Amino acid sequence: MTTSSSDSPAATVITVAMAQPFTDQKPGTSGLRKSSRQFQTPHYLESFVEASLRVVPGVQGGTLVVGGDGRYGNLAAIQTIARMAAAHGVARLITTTGGILSTPAASHLIRTHQAVGGIILSASHNPGGLEGDFGVKINGANGGPAPESITDAIYQATLSLDSYRTLQADPLPLDQPARLQMGAMAVEVIDGVSDYAALMQKLFDFDRLAALLKGDFRVAFDAMHAVTGPYATSIFEQLLGAPSGTVRHGLPLEDFGGGHPDPNLTYAHDLAALMLEGEAYDFGAACDGDGDRNMILGRHCFVNPSDSLAVLTANATLAPGYAQGLAGVARSMPTSAAADVVAKSLGLPCFETPTGWKFFGNLLDAGRITLCGEESFGTGSNHIREKDGLWAVLFWLQILAVRGCSVADVMADHWRRYGRHYYSRHDYEAIESEAAHGLYGRVKGMLPALVGERFAGRAIATADDFAYTDPVDGSVTQGQGLRLLLDDGSRMVLRLSGTGTQGATLRVYLESYVPPSGALAQDPQVALADLINAIDALAEIKLRTGMAQPTVIT
Ligand code: G1P
Ligand code: ZN
């Protein structure tokens, strides 16, 4: 409903009044992730965008990047955001053909165009389509997820919102690159793939990679019908000359073909079966909905993401972009300490941050680290301020091309040198929220009394709720996960997911270290069996969730 209007040269700015304030934004999160149906509620998307445009510094007269992972709602949201950006005085809007823009490519565009920020349309690895999820993420001028100061201000702004401003204007044609105008705002529709591919060419040796991929080294890349399809096809099949068909499920679809675009052993099972049981391929990889996660597989070999970070750290100088060495490395707390061992041997600083990419941003901006990663299939570097799926895949291919060996050889060699961190994450998804919080609260209450107790034949050295003091700005973040550290270096962590949209998800992280002289080739579920049983007994996981098995085992 229009309550007031004011003319601008080419179009009319209107103010739309809303009957109710918006209450769905969670404080401390850099976006809004909900069911696609929820996003159909009148003024829903607009409310969050209005709050964001009011809060992000420099919007008036600035440059804004917008695009998404191609899921249901992507194109309509770009049109809505474009009209609202014009009404808020954005001088230049950068978007992409078909609205297709991966999260890492968006981060790069924000940085190269000195934008004030970006609005990325994605619910990451959550399913899409009308029955799936949709999301909006706000990134800041450094290209990373907006910092807490901004997200808290957005949250505050949503609480008192009673109207939003938009422009009455025709939809933008996004089918091909173009320079357009919407009211007083310039709009550049660019090919979102080429800038990103050019960045990768600076970091990796494309001649060497082409020689590998044109030879008899066979690669299977699964884009999961999500955003990386066009990027991977351009990079692997066109620029590097890999055979056509190297990229599977390469066409972005609004519902990801009905799949769950999360590259893990459960949701990328076709690729996992191809690599773990078949003989035809030397290297397999997959990325998630918005292209920031990666899974790496070799023939009969799964690379745990924590190990992947350690391998990239140990071999970084084999890539031209990192030939000068690394400033440091960071991992999230639940990620295994495999990277710590490499960092120590290389004399590099190593940081342990809470889960989530935003904590790496400060360290990257301050030049304290070059590489960072999470156990949740996220790896990245200072080239952008998001994790980057295809970057990790290219990095692995670079290492294999230079070393001339298989993925399994790289892993075996790594463990012989540094020892092995047996690691697994057990996810219990969509648990009834009360049961999950009850379980978590109970263990949290038990922590002080657990120190010194026996656990799976060892003693508990530390039992705490992880808190992080940012070494750059001194800010303190509390309540980041319940840790049990045993006297032999084994670790168990319990966390409740912050990204699920149905009920609650409990994540149990298990880790135990075996030095180079120990048993290095066991199945992690076997190596960790005593910890798995002991944590179940302590936390009453099966009893309280009513689930006999985790939903996902990584
Ligand atoms: C999950 C991952 C976390 C990652 C986040 C966004 O969050 O565990 O590492 O940063 O997705 O990709 P969670 O659902 O555990 O809160
Ligand atoms: Zn993602």
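Residues numbered from 1 in each chain as written. Chains lettered and ligands numbered in written order. Predicted model: local features only at pLDDT ≥ 70, side-chain atom pairs only at ≥ 80, totals over all residues. Heavy atoms only, no water.

Chemist: Hey, could you go over the packing of helix α10 (residues 305-315) against helix α13 (residues 389-403) for me, with residue numbers and the actual values?
Modeler: Interaxial distance between α10 and α13 falls to 11 Å at its minimum, and their mutual angle equals 55 degrees. Compared by their axis directions, α10 and α13 come out oblique. Considering the relative orientation of α10 and α13, their crossing is left-handed. Along its contact with α10, which presents Ser-308, Val-311, Leu-312 and Asn-315, the element α13 presents Trp-391, Phe-395, Trp-396, Ile-399 and Arg-403. (Axes fitted to C-alpha atoms, helices over the stretch in contact; angles between N-to-C directions. Helix = DSSP H or I, 4+ residues; strand = E, 2+ residues; numbered from the N terminus. Parallel < 35°, antiparallel > 145°, perpendicular 65-115°, else oblique. Left-handed = near helix turned anticlockwise from the far one by under 90°. Contact = heavy atoms within 4.5 Å.)

Chemist: An account of empty space enclosed by the protein is requested, with residue identities and associated values reported.
Modeler: Overall, the coordinates contain four cavities of 30 Å³ or more when judged by the stated rule. A volume near 40 Å³ is recorded for the largest cavity. In terms of lining, the largest cavity is formed by Ser-52, Leu-53, Val-56, Val-59, Leu-64, Gly-118, Ile-119, Ile-138 and Asn-139. Counting residues per element, the ones that place at least two in the lining of the largest cavity are α2 (44-55), β6 (117-121) and β7 (133-139). The residue makeup of the lining of the largest cavity, split by class, is six nonpolar, three polar and no charged. (1 Å grid on protein atoms, 1.4 Å probe; cavity = no way out; pocket = protein on both sides within 12 Å on 5 of 7 lines; lining within 4 Å. Points joined across faces, edges and corners; volume = space filled by probe spheres on them. Nonpolar A, V, L, I, M, F, W, Y, C, P; charged D, E, K, R; others polar.)

Chemist: Provide a residue-level description of the pattern of salt bridges, including the pertinent values.
Modeler: Evaluation of the coordinates by the stated rule reveals 27 salt bridges. Salt-bridge contacts for Glu-375 lead to Arg-425; the nearest nitrogen and oxygen are separated by 3.0 Å. Of this pair, Glu-375 sits in the loop between β18 (371-374) and β19 (378-381) while Arg-425 is found in strand β20 (residues 420-431), placing the two residues 50 residues apart along the sequence. Across this residue pair, the class does not change: Glu-375 and Arg-425 are buried. Of the charged contacts in the structure, one is a salt bridge between Asp-530 and Arg-458, with a shortest N-O distance of 2.4 Å. With Asp-530 in helix α17 (residues 529-539) and Arg-458 in strand β22 (residues 458-465), this residue pair connects regions lying 72 residues apart in the sequence. Residue classification places Asp-530 among the partly exposed residues on the basis of a relative accessible area of 35%. For Arg-458, a relative accessible area of 15% gives the class buried. Taken together, the shared-partner salt bridges in this structure form one network comprising Arg-331, Asp-340, Glu-352, Asp-464, Arg-483, Arg-491 and Glu-511. (Salt bridge = Lys/Arg side-chain N within 4 Å of Asp/Glu carboxyl O. Buried < 20%, exposed > 50% of the residue type's maximum accessible area, 1.4 Å probe, protein only.)

Chemist: Before we move on, could you go through the coordination of the zinc ion (ligand 2) and cite the residues and values that matter?
Modeler: Binding of the zinc ion (ligand 2) to the protein goes through Ser-124 (OG), Asp-288 (OD), Asp-290 (OD) and Asp-292 (OD), at separations of 2.0 to 2.1 Å. Taken together, the four donor atoms coordinating the zinc ion (ligand 2) span angles of 88 to 161 degrees at the metal, a pattern that classifies the geometry as irregular. Spacing between the donor residues of the zinc ion (ligand 2) along the chain follows S-x163-D-x1-D-x1-D. A relative accessible area of 0% means that Asp-290 is categorised as buried. (Donors = N, O, S within 2.8 Å, 3.2 Å for Na, K, Ca; no water. Tetrahedral: all angles 85-135°; square planar, octahedral: opposite > 155°, others 65-115°.)

Chemist: Tell me about the packing of α2 against helix α5 (residues 148-159), residues and numbers included.
Modeler: Their axes nearest at 8 Å, the elements α2 and α5 cross at an angle of 125 degrees. By the angle between their directions, the pair α2 and α5 is classed as oblique. Read as a crossing pair, α2 and α5 show a hand that is right-handed. Between α2 and α5, the residues in contact are Phe-48, Ala-51, Ser-52 and Val-55 and Ile-150, Ala-153, Ile-154, Ala-157 and Thr-158, respectively. For the contact of α2 with α5, a count of residues per class yields seven nonpolar, two polar and no charged.

Chemist: Can you break down the packing of aromatic side chains residue by residue, with the values?
Modeler: In total, this model carries 11 aromatic pairs according to the counting rule given. Centroid distance Tyr-196 to Tyr-231: 5.6 Å. Interplanar angle 90 degrees. Geometry classified as edge-to-face. Remark: Tyr-231 occurs in helix α8 (residues 228-239) and Tyr-196 occurs in helix α6 (residues 192-203); sequence separation between them is 35 residues. Neither residue differs from the other here; Tyr-196 and Tyr-231 are each classed as buried. A centroid spacing of 5.6 Å and a plane angle of 50 degrees characterise the contact between Phe-221 and Phe-236, whose relative ring orientation is tilted. Remark: Phe-236 occurs in helix α8 and Phe-221 occurs in strand β11 (residues 219-222); sequence separation between them is 15 residues. For Phe-221, a relative accessible area of 1% gives the class buried. (Phe/Tyr/Trp six-rings, centres within 6.5 Å; stacked < 30°, edge-to-face > 60°.)

Chemist: Lay out helix α12 (residues 358-365) with the relevant residues and their values.
Modeler: Those residues of α12 that fall on the buried side of the exposure criterion are Phe-359, Phe-360, Gly-361, Leu-363 and Leu-364. Of the surrounding secondary structure, the elements contacted by the buried residues of α12 are β16 (329-332), β17 (350-353), β18, β19, β23 (468-469) and β24 (476-477).

Chemist: Give a detailed account of unusual backbone geometry, specifying residues and quantitative values.
Modeler: Positive phi is not limited to glycine here, since Gln-114 has a value of about 45 degrees. With respect to the element layout, Gln-114 can be found in the loop between α4 (103-112) and β6. Residue Gln-114 is classed as exposed on the basis of its relative accessible area, which comes to 66%. Positive phi is not limited to glycine here, since Ser-124 has a value of about 50 degrees. With respect to the element layout, Ser-124 can be found in the loop between β6 and β7. Ser-124 gets classed as buried once you look at its relative accessible area, which sits at 5%.

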